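# Survey of secondary and tertiary structure
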Amino acid sequence: MSKKTALITGITGQDGSYLAEYLLEQGYKVYGMVRRSSVEKFDRIDHLIGDIELVQGDLLDQLSLISLMEKIRPDEVYNLAAQSFVPTSWAQPTLTAEFTAVGVIRVLEAIRLVDRSIRFYQASSSEMFGKVRETPQTEMTPFYPRSPYGVAKVFGHYITVNYRESYGIYACSGILFNHESPRRGLEFVTRKVTDGVARIKLGKQDELRLGNLDAQRDWGYAGDYVKAMWLMLQQPQPDDYVIATGKAHSVRELVDIAFKHVGLDWKKYVKIDKAYLRPAEVDLLIGDCSKARKVLGWEPTVSFEEMICMMVDADLKLLSEEDKGG
Ligand code: NAP
Ligand code: GDD
């Protein structure tokens with residue numbers, strides 16, 4: 001049988017890098033879409049260069065997406081590209097809508113025009129539940145987004161469902177709860193904390209400024225979550241799935257675990273800074289992934305505490321290597 005081919009948008013992001021590794025292990029030919037930049041930032045996929053093929057395209061440019069579908073004729077498309085940082089979505093709401101909402105329809109249109117048998121995965125988000133209508137959240141829970149990012153993701157979710165129902169495209173929406181790793185961007189709270197703890201431990205920083213310590217999230221490990229993306233595209237019928245651990249933790253607990261891991265008391269270092277509070281907050285997210293467990297046979301393998309300790313250790317190593325000029 002010939003190799004399956006996948007196209008990943010957002011390959012330079014956290015999830016793109018883990019998904020590319022996983023698809024290569026499954027024997028796929030992997031193409032990664034990158035947008036033009038004057039400086040190439042491929043830190044997360046440097047180790048994959050040579051095994052994957054990078055192709056240029058942009059979610060803002062319809063023709064580039066059609067051309068890529070025609071050139072590659074992928075079996076599967078994973079649409080991971082987005083403006084994914086929630087606070088930026090208040091500062092740049094229109095751009096967020098262009099990338100994160102309208103970008104989805106551009107990828108779907110390219111599939112509809114070129115080859116409707118291409119399977120499509122949309123990176124939807126628990127941020128769509130926002131001010132939650134029920135706890136825990138399932139595939140049936142109504143959405144109530146609290147940020148321009150969340151609103152854009154709701155559009156992406158429903159347009160995916162609509163192209164499945166209108167054109168019979170095998171299109172799935174994965175409603176993924178927060179997932180983290182040592183490759184997480186430094187602006188997200190888990191990595192901000194683990195990087196901050198490592199810097200404080202190494203004497204490079206003396207405080208860590210944070211916003212709302214009461215917010216609670218259902219945090220999982222990114223390496224586990226990309227497997228669920230793949231599983232969704234291997235089923236007899238396309239469908240939507242919640243992917244979560246079913247356990248919530250507060251930012252305060254996150255901080256406590258990370259500081260304790262290096263033998264420090266967080267209360268001496270953490271300062272509350274109003275600049276990190278949001279115009280509208282999502283207080284508590286907790287997912288019920290029973291459907292994914294039953295239909296996909298998926299389950300999380302890394303606990304919250306294990307993941308935070310893994311991230312602190314990785315940041316300590318990274319910063320120590322930088323010191324040695326490595
Ligand atoms: P990330 O690290 O922020 O990566 C985002 C990716 O999108 C980057 O590769 C970025 O490329 C690319 N991108 C942004 N705008 C683009 C454009 N106009 N054209 C082409 N590429 C563009 O995000 P992530 O954490 O890996 O998340 C992956 C996806 O899952 C995102 O859609 C996110 O919204 C969604 N999601 C994430 C989580 C989570 O907890 N991580 C949970 C639910 C859903 P550059 O390198 O060029 O910037
Ligand atoms: N970023 C950040 N920085 N968040 C902070 C801080 C801080 O200094 N202090 C407290 N928080 C709180 C935020 O207010 C929020 O309630 C929580 O920590 C998590 O923030 P983020 O890590 O920025 O993630 P997010 O939940 O807003 O969004 C992430 O998860 C979504 C899935 O629910 C992103 O990955 C989204 O792209 C994703 O869709």
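Let me begin by describing the structure that accompanies this report. Only a predicted model underlies this, so the values are computations on that prediction, with no experimental measurement involved.

### Quick notes on the side chain of S147
Residue position: S147 is located in the loop between strand 5 (119-125) and helix 5 (148-167). Its relative accessible area of 2% is what places S147 among the buried residues. Within polar-contact distance, the side chain of S147 engages the side chain of E127 at 3.2 Å.

### Points about the packing of helix 6 (residues 189-201) against helix 10 (residues 304-323)
Think of two packed helices as two axes; the pair is described by the angle between the axes and how far apart they sit. Put simply, helix 6 and helix 10 touch, their axes get as near as 8 Å, and they point 50° apart. The angle between helix 6 and helix 10 falls in the class oblique. Crossing of helix 6 over helix 10 shows right-handed handedness. Within the contact between the two elements, helix 6 uses T190, R191, T194, D195, V197, A198, R199 and K201 and helix 10 uses I308, M311, V312, D315, L316, L318 and L319. Grouping the amino acids of the contact of helix 6 with helix 10 by side-chain chemistry returns eight nonpolar, two polar and five charged.

### Structural notes on helix 2 (residues 62-72)
Among the residues of helix 2, S64, L65, I66, L68, M69 and I72 are the ones counted as buried. The inward-facing, buried residues of helix 2 contact strand 1 (5-9), strand 2 (29-34), strand 3 (53-56), strand 4 (76-79) and helix 4 (93-114). Once helix 2 finishes, R73 follows within two positions and takes phi at roughly 45°, a positive value.

### So, the nonpolar core
One finds Y78 and F259 to be the most contacted residues of the largest nonpolar core, which totals 77 residues. Formed jointly, this core draws a minimum of three residues from each of two domains, domain 1 (5-179 + 221-243) and domain 2 (185-217 + 247-282 + 302-325). Among all residues touching F259, those that are not within four sequence positions of it are V197, I200, L208, L264, W266, Y269 and V270. Among the nonpolar cores identified, the runner-up in size contains 24 residues, and L7, V104, A110 and I118 belong to it.

Conventions we followed
- Residues numbered from 1 in each chain as written.
- Chains lettered and ligands numbered in written order.
- Predicted model: local features only at pLDDT ≥ 70, side-chain atom pairs only at ≥ 80, totals over all residues.
- Heavy atoms only, no water.
- Helix = DSSP H or I, 4+ residues; strand = E, 2+ residues; numbered from the N terminus.
- Buried < 20%, exposed > 50% of the residue type's maximum accessible area, 1.4 Å probe, protein only.
- Polar contact = N/O pair within 3.5 Å; in protein donor to acceptor, adjacent residues only side chain to side chain.
- Axes fitted to C-alpha atoms, helices over the stretch in contact; angles between N-to-C directions.
- Parallel < 35°, antiparallel > 145°, perpendicular 65-115°, else oblique.
- Left-handed = near helix turned anticlockwise from the far one by under 90°.
- Contact = heavy atoms within 4.5 Å.
- Nonpolar A, V, L, I, M, F, W, Y, C, P; charged D, E, K, R; others polar.
- Core = buried A, V, L, I, M, F, W, Y, C linked by side-chain atoms within 4.5 Å.
- Domains from an automatic or database assignment.

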